[in-house]
Amino acid sequence: MPPRHSPPEALLTTLSATRGRSDRLTHTEHLPARPARYAPWPDWIRPEVVASAQAMGVRQPWAHQAEAMNLAKSGQSVVIATGTASGKSLGYLGPVLSDLLVGTEARNGRGATALYLAPTKALAADQRRRAAELAPPRVRAALYDGDTPPEEREWVRQYASYVLTNPDMLHRGILPAHARWSSFLKTLRYVVVDECHGYRGVFGSHVAQVLRRLRRICARYGSSPVFLLASATTADPAVTAQRLTGLPAEAVTEDGSPRGPMVFGLWEPPLTENVGEHGAPVRRTATAEAAHLLTDLVERETRTVVFVRSRRAAELVALQTQDQLPRPLADRVAAYRGGYLADERRALERSLHSGRLLGLASTSALELGVDISGLDAVLMAGYPGTRASLWQQAGRAGREAQGALAVLIARDDPLDTYLVHHPEALFATPVEATVLDPDNPHVLAPHLCAAAAELPLTDPDLELFGPSAAPLLPVLERRGLLRRRGDAWYWTRRERAADAVDLRGSGGSPVQIVEAPTGRLLGTVDASAAHTTVHTGAVHLHQGRSYLVRDFDLDSSVALVELADPPYTTSARDITSISVLSTDTTVDWGEGRLSFGSVEVVNQVVGYLRKRISTGEIMGESKLDLPPRTLRTRAVWWSVTEDQLLDADIPPDQLPGAAHAAEHASIGLLPLFATCDRWDIGGVSVPLHPDTGLPTVFVYDGHPGGAGFAERGFQRAVRWLTATREAIAACECERGCPSCVQSPKCGNGNDPLDKAAAVRLLDVLLAGAPAAAEETGRDREAAQDGPDGRHGRDGQAGPDERDGRDGRVAPTHVPDPTEAAQAAAEAADGAEAAARAVEREAGRTTDRPTDGSGPGAS
Ligand SMILES: [Zn+2]
Ligand SMILES: [Zn+2]
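Residues numbered from 1 in each chain as written. Chains lettered and ligands numbered in written order. Predicted model: local features only at pLDDT ≥ 70, side-chain atom pairs only at ≥ 80, totals over all residues. Heavy atoms only, no water.

1. Some thoughts on the overall build of the protein
For the protein, the count of helices and strands is 29 helices and 30 strands. Residues classed as buried in the protein amount to 59% of the 858 residues present. Accessible surface computed for the protein: about 32500 Å², of which carbon and sulfur atoms make up 51%. (Helix = DSSP H or I, 4+ residues; strand = E, 2+ residues; numbered from the N terminus. Buried < 20%, exposed > 50% of the residue type's maximum accessible area, 1.4 Å probe, protein only. Areas by Shrake-Rupley, 256 points an atom, 1.4 Å probe, with all protein chains shown as cover.)

2. Looking at the packing of helix H18 (residues 441–454) against helix H20 (residues 469–478)
Contact pair H18 / H20: the axes reach a minimum separation of 10 Å and the direction vectors enclose 65°. One element, H18, and the other, H20, form an angle in the roughly perpendicular class. For the pair H18 and H20, the sense of crossing is right-handed. The segment H18 lies against H20, with Pro441, Leu444, Ala445, Leu448 and Cys449 engaging Ala469, Leu472, Leu473 and Leu476. Class assignment for the residues of the contact of H18 with H20 results in nine nonpolar, no polar and no charged. (Axes fitted to C-alpha atoms, helices over the stretch in contact; angles between N-to-C directions. Parallel < 35°, antiparallel > 145°, perpendicular 65-115°, else oblique. Left-handed = near helix turned anticlockwise from the far one by under 90°. Contact = heavy atoms within 4.5 Å. Nonpolar A, V, L, I, M, F, W, Y, C, P; charged D, E, K, R; others polar.)

3. Details of the sheet that holds strand E23 (residues 545–553)
If you walk across this open sheet you meet the five strands as E21-E20-E24-E23-E22, and the pairing is mixed. Two strands in the sheet have a free side with no partner beyond their single neighbour: strand E21 (521–525) and strand E22 (539–542). Strand-to-strand, the axes of this sheet are offset by a mean angle of 35°, without reference to chain direction. By the bridge criterion, four bridges tie E22 to E23 in an arrangement that is antiparallel. Looking at the pairing, His540 lines up with Tyr547 of E23. (Pairing = 2+ DSSP bridges.)

4. Overview of the packing of aromatic side chains
A full pass over the atoms with the stated rule returns 11 aromatic pairs. Taking the centre distance of 6.1 Å and the plane angle of 40° together, the rings of Trp155 and Tyr159 count as tilted. With Trp155 and Tyr159 both in helix H6 (residues 150–159) and four residues apart, this pair spans about one turn of that helix. Take Tyr159: its relative accessible area is 43%, and that puts it in the partly exposed class. Pairwise contacts between aromatic rings join Tyr92, Tyr116 and Tyr162 into one cluster. (Phe/Tyr/Trp six-rings, centres within 6.5 Å; stacked < 30°, edge-to-face > 60°.)

5. Focus on the environment of Ser74
Looking at the element boundaries, Ser74 is found in the loop between helix H3 (63–73) and strand E2 (78–81). When its relative accessible area of 55% is taken as the criterion, Ser74 is described as exposed. A polar contact is formed between the side chain of Ser74 and the backbone oxygen of Leu71, at a distance of 2.6 Å. (Polar contact = N/O pair within 3.5 Å; in protein donor to acceptor, adjacent residues only side chain to side chain.)

6. Overview of the coordination of the zinc ion (ligand 1)
In the first shell of the zinc ion (ligand 1), the protein supplies Cys731 (SG), Cys733 (SG), Cys737 (SG) and Cys740 (SG), at 2.2 to 2.4 Å from the metal. For the zinc ion (ligand 1), the four donor atoms in the first shell make angles of 99 to 119° at the metal, so the coordination geometry reads as tetrahedral. On the primary sequence, the residues serving as donors to the zinc ion (ligand 1) are separated as C-x1-C-x3-C-x2-C. Assessed through its relative accessible area of 7%, Cys731 is described here as buried. (Donors = N, O, S within 2.8 Å, 3.2 Å for Na, K, Ca; no water. Tetrahedral: all angles 85-135°; square planar, octahedral: opposite > 155°, others 65-115°.)

7. Some words on helix H16 (residues 414–421)
Counting buried positions along H16 yields seven of eight residues, so the element is predominantly enclosed. Looking only at H16, the buried set comprises Pro414, Leu415, Asp416, Thr417, Tyr418, Leu419 and Val420. Contacts made by the buried residues of H16 are with strand E1 (25–31), strand E9 (262–267), strand E16 (404–409), helix H17 (424–427), helix H23 (655–669) and helix H25 (717–730). Between the side-chain oxygen of the N-cap and the backbone nitrogen of Leu415 there are 3.1 Å, and the N-cap of H16 in question is Asp413.

8. With respect to the nonpolar core
Residues Phe264, Met380, Trp589 and Trp638 are the most contacted members of the largest nonpolar core, which totals 88 residues. Trp589 has contacts with Leu594, Gln644, Ala717, Val718, Leu721, Leu765, Leu766, Gly768, Ala769 and Pro770, leaving out every residue within four places of it along the chain. (Core = buried A, V, L, I, M, F, W, Y, C linked by side-chain atoms within 4.5 Å.)

9. So, the coordination of the zinc ion (ligand 2)
Every protein donor of the zinc ion (ligand 2) is listed here as His660 (NE2), His664 (NE2) and Cys746 (SG), and their distances to the metal cover 2.0 to 2.2 Å. On the primary sequence, the residues serving as donors to the zinc ion (ligand 2) are separated as H-x3-H-x81-C. Linking His660 in helix H23 with Cys746 in the loop between H25 and helix H26 (755–766), this pair joins segments that are 86 residues apart in sequence. When sorted by exposure, His660 lands in the same class as Cys746, which is buried.

10. A look at the confidence of the model for the protein
Model confidence for the protein is summarised by a mean pLDDT of 85, while 87% of its residues fall at 70 or above. In the model, residues 777–829 has pLDDT below 50 throughout and makes 166 contacts with residues more than four positions away in sequence or in other chains. Note that pLDDT drops below 50 for residues 844–858; the model gives that stretch 21 contacts with residues more than four away or on any other chain. (pLDDT = per-residue confidence, 0-100.)

11. Quick notes on the pairing of strand E10 (residues 271–275)
Sheet topology places E10 next to strand E11 (residues 281–283); two bridges connect them, and they run antiparallel. From the neighbouring strand, Val275 faces E11, where its bridge partner is Pro281. As consecutive antiparallel partners, E10 and E11 are separated by five residues, and within that stretch His278 has a phi angle of approximately 50°, a positive value.

12. Overview of the pattern of salt bridges
If you walk through the whole model with that rule in mind, you get 38 salt bridges. The partner of Arg21 in a salt bridge is Asp296, and the shortest N-O contact between them spans 3.0 Å. Of this pair, Arg21 sits in the loop between helix H1 (8–17) and E1 while Asp296 sits in helix H11 (residues 286–299); the two residues are 275 residues apart in sequence, bridging distant segments of the chain. According to the relative accessible area criterion, Arg21 is buried, its value standing at 3%. Between Arg172 and Asp499 there is a salt bridge; the shortest N-O distance is 3.3 Å. Within this pair, whereas Arg172 is found in helix H7 (residues 167–174), its partner Asp499 is found in the loop between strand E19 (488–491) and strand E20 (511–515), the two being separated by 327 residues in sequence. On the accessibility criterion, Arg172 (32% relative accessible area) is partly exposed. Through salt bridges with shared partners, a single network forms among Arg46, Glu48, Glu105 and Arg138. (Salt bridge = Lys/Arg side-chain N within 4 Å of Asp/Glu carboxyl O.)

13. Here's the deal with the environment of Gly276
Relative to the assigned elements, Gly276 resides in the loop between E10 and E11. Gly276 sits in the partly exposed class, given a relative accessible area of 27%. On a C-alpha basis, the gap between Gly276 and Gln742 in space is 10.0 Å, while along the polypeptide they are 466 residues apart.

14. Description of the environment of Val764
Mapped onto the elements of the fold, Val764 is located in helix H26. Residue classification places Val764 among the buried residues on the basis of a relative accessible area of 13%. Taking C-alpha positions, Val764 is 7.9 Å from Leu645, a pair spaced 119 residues apart along the chain. With sequence-adjacent residues up to four places away left out, Val764 is seen in contact with Gln644, Asp647 and Ala648.

15. Description of the pairing of strand E14 (residues 359–362)
Burial along E14 is two-sided: the residues Gly359 and Ala361 and Leu360 and Ser362 are all buried. Two strands pair when backbone bridges link them, and strand E12 (residues 304–307) and E14 are joined in this way by four bridges, in the parallel orientation. Considered in E14, the bridge of Thr304 is made with Gly359. Relative to E14, strand E13 (residues 333–336) is paired through four bridges, and the arrangement is parallel. For Ala335, the partnering residue across the bridge sits in E14 and is Ala361.

Here's what the structure looks like:
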């Protein structure tokens, strides 16, 4: 046994050398220490700011901080996209606080103001403290959020020069009341958008429109703020920043902060004796493997945190590890899963720092609220979804001089499997981008209404809101929401337009899960996921307990459940059809073809299977009587010709399995290129599609109007589908397994799937594709077509607790068939549906529409 606190390298070798684990370590990456690169303080940074920074131990800024400061000062919007703990906040606070200090010399003490936006209230509060540490008290920094007492709000509006808030509050509280904020807005010099990689998918698209509304209001008051964005390291941060703000941005990406050496291992659990669906081999779960490794590390007195994806997994890893350890050591292992009180968190921090606690299994909740750093090792049971989270978690390990160990343990799915065999995807240039689509008419429509309510919309304003804006206005007028008078558009309703949209809503009212005997509300499920997860007869997991759904009432959006312990899980069966509404772009790939455009997906959950938990054996199938649902969204699709199928030696009976397998794996791999998870996207594969006349595979955004994920897939299709092909081909299973082509939540029960034919199909498609390098620059900036999460999920719910089913993201827009037909006949690209959604929402906020033509009439 190596000595206590052995170097990480030796530790990893020991872990993989013992207990027959020799072939599980698939890669070892040595991340050398990186020395700090400093730059002088820009001479215009106020001495007060420099002095407080120096008092806090920052003698000189790192090079990237100084670069960002200078860009900001020159009036250039800038996005700082560097690693965790690289001091991004000093990069924007330097110029912001300096200008605010100058502003305090104005006659009213507020010659310049700045607005700070964080995705969460907690982060804004944290940043207020940081600003207060750096700035003298005459820079008045204040929080403005839902918790700000009314009596303080007026003070903030009148006197604060640095206001910290969140996009929701800007949307609902500040912009609609802009007149009361006029003195603040008039002098608005900077807008800080922190953690901007969090603004992705539909949520990101909403925030982008809120920022456009802010820019329009500022322009009316004569200000033109510079946007300072902070992001995790991603691909194309400048493109994302521009989509988010609508302004060109300069990216600062050369990280000048120092880093200790790290040994990073990639680890694949072994195949087990167990078999899954259709006899597929199953790997040991990442959590079980993590418990084994944690046991060994704790035995060596190595302070270790294991990050898992769900609360239940945190408990499991802790319990299993305790079971495997002798008594005194077992007490030094615990689980942490969010929801703890501040005192409990502090106690936890202390025991980790002191070494009393050696092993902790935690959800990512630990990323917020608990300061643990300087650990010896970090284990990640499953890829946390984005590189940003990966580095955030890995970064918990390491003390100044000593090296640290991080190990990523793959889960049994295509993305994790791909990553542990393709280290370059993690350690080379990032390929994953934060995507959003501000031009989604479903997103844009309510913001146009909100903007018109703030100040009448004029034609010159439309440019700001993008190409989808002009065609939407007449539709909104027809719906009685806007009215044109002279050359401006006015909001006509008495309701507040801003109330018609919830930035974080996923569309549709969520379904409430109610415990039948007690009437207690257990939680909610997105409307989009309800049909597949809380249908009558479904097994619903909630905080580790299992419930049976007794009745799912569509009309009242309530699922009645009762505590039960059935020996099975359920999985819904559905049928999905897809049709092409319009094609924006098509690229020939030799004989094959790749397209991007608008589609309509009709999905109906028709029944469910009961599967025995212990063996995976199918115990029976039940039918369900649920109505079909229609989703109009954006999709990427590819097709091949008959001749290509001949070349690939794929006879007609193998085609459905080949296309289906390729579809599953491609859905699994798309999150590598766009920050979505497999629950944000869906897919359909069709041996002969009526709209293309060819075998076609579709991958679509699971949100009305799209979310930008499919579009990113289109832009990076060569890389994406090449990675998909690699993931399938490299899997050691014989005929398909969860690590390659099986999807845990396939609506067709993973049947048919043909792994070998899928590889041949992708080969023949990719043979005609351009070189991957040619893909860059084919972003929408060039295409200029009408261009858009539900990340209400907090990263705590892992797949084992999560109820959505990938590959079949259920639609959120649920019109009745006649309404859908009418919408299809009208309006391009969902404008009509988008307008109707605003109408519905606006109508919901008060009892009566003002003009009698409200929801009741439509
Ligand atoms: Zn496999
Ligand atoms: Zn499937």
